[in-house]
Amino acid sequence: ENSINSLLRVKTSDNGWQFNTITRSFEVIEKRVTGVIESSLFDSGLKSGISEPLLHKLMSIFEWQIDFNTDIRSGDRFAVIYEEKFLEGKKIGTGPILAATFILSGNIQHAVRHIDSTGIVRYFSPEGVSLQGKFLRSPVRNSRITSGYSLRRFHPILKTWRPHRGLDYSGRKGEPVLSTAEGKVVFVGRKGNYGKTIIIKHGGKYKTLYAHLSKYGKSVRKGRWVQQGQIIGYVGSTGLSTGPHLHYELWLNGKRVNPLKLKLPRAASVQKSEKTDFLRKASTISAELNRLVGA
């Protein structure tokens, strides 16, 4: 057995040895699993027959839309369509997730797998919008960076050298501050030298911080979701600040990083040349997902 689907057959004959490679083909079936969340997605998924690796894949697909620690409620529903591979009647592996959906507090989130013309696999909404988050280049419109990311900067107020692990953007008091990506607000309030501050979590890896605000945006509260480009606050000079500006930080896996040097995810829609076929396929899959969860 050279591999799981390839055999080398060797036998003797009157003329010596004969060698033949035999390729065994897999049988691939589509599996559908539905479930109602009781305590956690993980527990409910396992009870529904979903393996741990597949659950991790499922959570990674929706990591930009759902905070699985806080957004899940008892009674929420889910459905997954994925492939299973069989060889000679025996299951030998689990294939990719083809589509999945969650109904959280009545809100529906669909994901549809798509392989583009270059072979890249991504997940999209039924409308063809990528589920992978993206970031705006700047949280303030028509602004410039007045102080960059540095491990050693002379602080104008404290009169000492210290790290500046963020970017300062110029601005007049009251100018709008935008969330650079879709995410969940995890902090709103005063935070020491930062003054009035907002912290937003984006997926499982990223956070952004917006400091020295004069006031917060309408309806911006801890635990609420904000959209990319949504006004979350206004430029100010609260905290330790020499004048109105925005201090902006980007965190990756719990550490502050330079937003200008980090290669950030850039979401894209399905390519125009492939969109018609995708929308047709997604419409059929969405109908099936809705049927599975009773939507």
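The present account deals with the structure reproduced in this document. (Residues numbered from 1 in each chain as written. Predicted model: local features only at pLDDT ≥ 70, side-chain atom pairs only at ≥ 80, totals over all residues. Heavy atoms only, no water.)

Scanning the model with the defined rule gives 10 salt bridges in all. Residue K47 pairs with E38 through a salt bridge whose shortest N-O separation is 3.4 Å. Judged by relative accessible area, E38 falls into the exposed class, the value being 52%. For R256, the salt bridge identified is with E249, shortest N-O distance 3.5 Å. Salt bridges here are not isolated pairs; linked through shared partners, they connect E30, R32, E288 and R291. (Salt bridge = Lys/Arg side-chain N within 4 Å of Asp/Glu carboxyl O. Buried < 20%, exposed > 50% of the residue type's maximum accessible area, 1.4 Å probe, protein only.)

Let us look at the sheet that holds strand β5 (residues 90-104). Pairing is antiparallel in the open sheet, where five strands are placed in the order β3-β4-β5-β6-β7. Each of the sheet's edge strands pairs with one partner strand only, and the pair in question is β3 (27-36) and β7 (121-124). Sheet twist, expressed as the average angle between the axes of neighbouring strands with direction ignored, equals 25°. Where helix α2 (residues 52-61) meets the sheet, it contacts β4 (77-87), β5, β6 (107-115) and β7, and its direction lies at approximately 35° from that of β5. Docked against the sheet, helix α3 (residues 272-293) engages β3, β4, β5, β6 and β7, running at close to 135° with respect to β6. (Pairing = 2+ DSSP bridges. Helix = DSSP H or I, 4+ residues; strand = E, 2+ residues; numbered from the N terminus. Axes fitted to C-alpha atoms, helices over the stretch in contact; angles between N-to-C directions. Contact = heavy atoms within 4.5 Å.)

A few words on α3. Over its 22 residues, α3 extends 30 Å from the first C-alpha to the last, a length consistent with the 32 Å expected when each residue adds 1.5 Å. At F278, α3 shows its largest bend, some 30°. If you follow the buried residues of α3, they end up packed against β3, β4, β5, β6 and β7. A positive backbone phi angle near 70° is found at G294, which sits one or two residues after α3. (Expected span 1.5 Å × (residues − 1). Bend = angle between axes of the 7 residues up to and from the residue.)

Looking at where K173 falls in the secondary structure, it is placed in the loop between β11 (167-170) and β12 (176-178). Through-space distance from the C-alpha of K173 to that of S237 is 7.6 Å; in sequence the pair is 64 residues apart. Contacts of K173, omitting those with residues within four sequence positions, involve S214, V235 and P244.

Once that is clear, we can look at the environment of L252. Its place among the elements puts L252 in strand β18 (residues 245-252). Apart from residues no more than four positions distant in its own chain, L252 is found in contact with K205, Y206, V257 and L262.

What follows concerns the side chain of T208. Position of T208 relative to the elements: it lies in strand β15 (residues 206-216). Engagement of the side chain of T208 in a polar contact is seen with the side chain of H202, the distance being 2.7 Å. T208 has contacts with F135, T180, I198, I199, I200, H202, Y248, E249 and L250, leaving out every residue within four places of it along the chain. (Polar contact = N/O pair within 3.5 Å; in protein donor to acceptor, adjacent residues only side chain to side chain.)

We now examine unusual backbone geometry. Of note, S105 is a non-glycine position whose phi angle comes to about 55°, a positive value. Tracing the backbone shows S105 in the loop between β5 and β6. Given a relative accessible area of 55%, S105 falls into the exposed group. Non-glycine residue S219 carries a positive phi angle of around 70°. Looking at S219, the relative accessible area reads 37%, which means it is partly exposed.

Now for the packing of aromatic side chains. On inspection of all chains with the given rule, the structure shows six aromatic pairs. A centroid spacing of 5.0 Å and a plane angle of 90° characterise the contact between F62 and F102, whose relative ring orientation is edge-to-face. Taken as a pair, F62 in the loop between α2 and β4 and F102 in strand β5 lie far apart in primary sequence, 40 residues in all. Seen in terms of ring centroids, Y210 and Y248 are 5.4 Å apart; in terms of plane orientation they differ by 55°. Their pairing is tilted. With Y210 in strand β15 and Y248 in strand β18, the pair connects residues that are 38 residues apart, well separated along the chain. Clustering of aromatic rings is evident, with ring pairs tying together F62, F78 and F102. Directly above the aromatic system of F187 lies the positively charged group of K191, at a separation of 5.1 Å from the ring centroid. (Phe/Tyr/Trp six-rings, centres within 6.5 Å; stacked < 30°, edge-to-face > 60°. Lys NZ or Arg CZ within 6 Å of the ring centre and 35° of its normal.)

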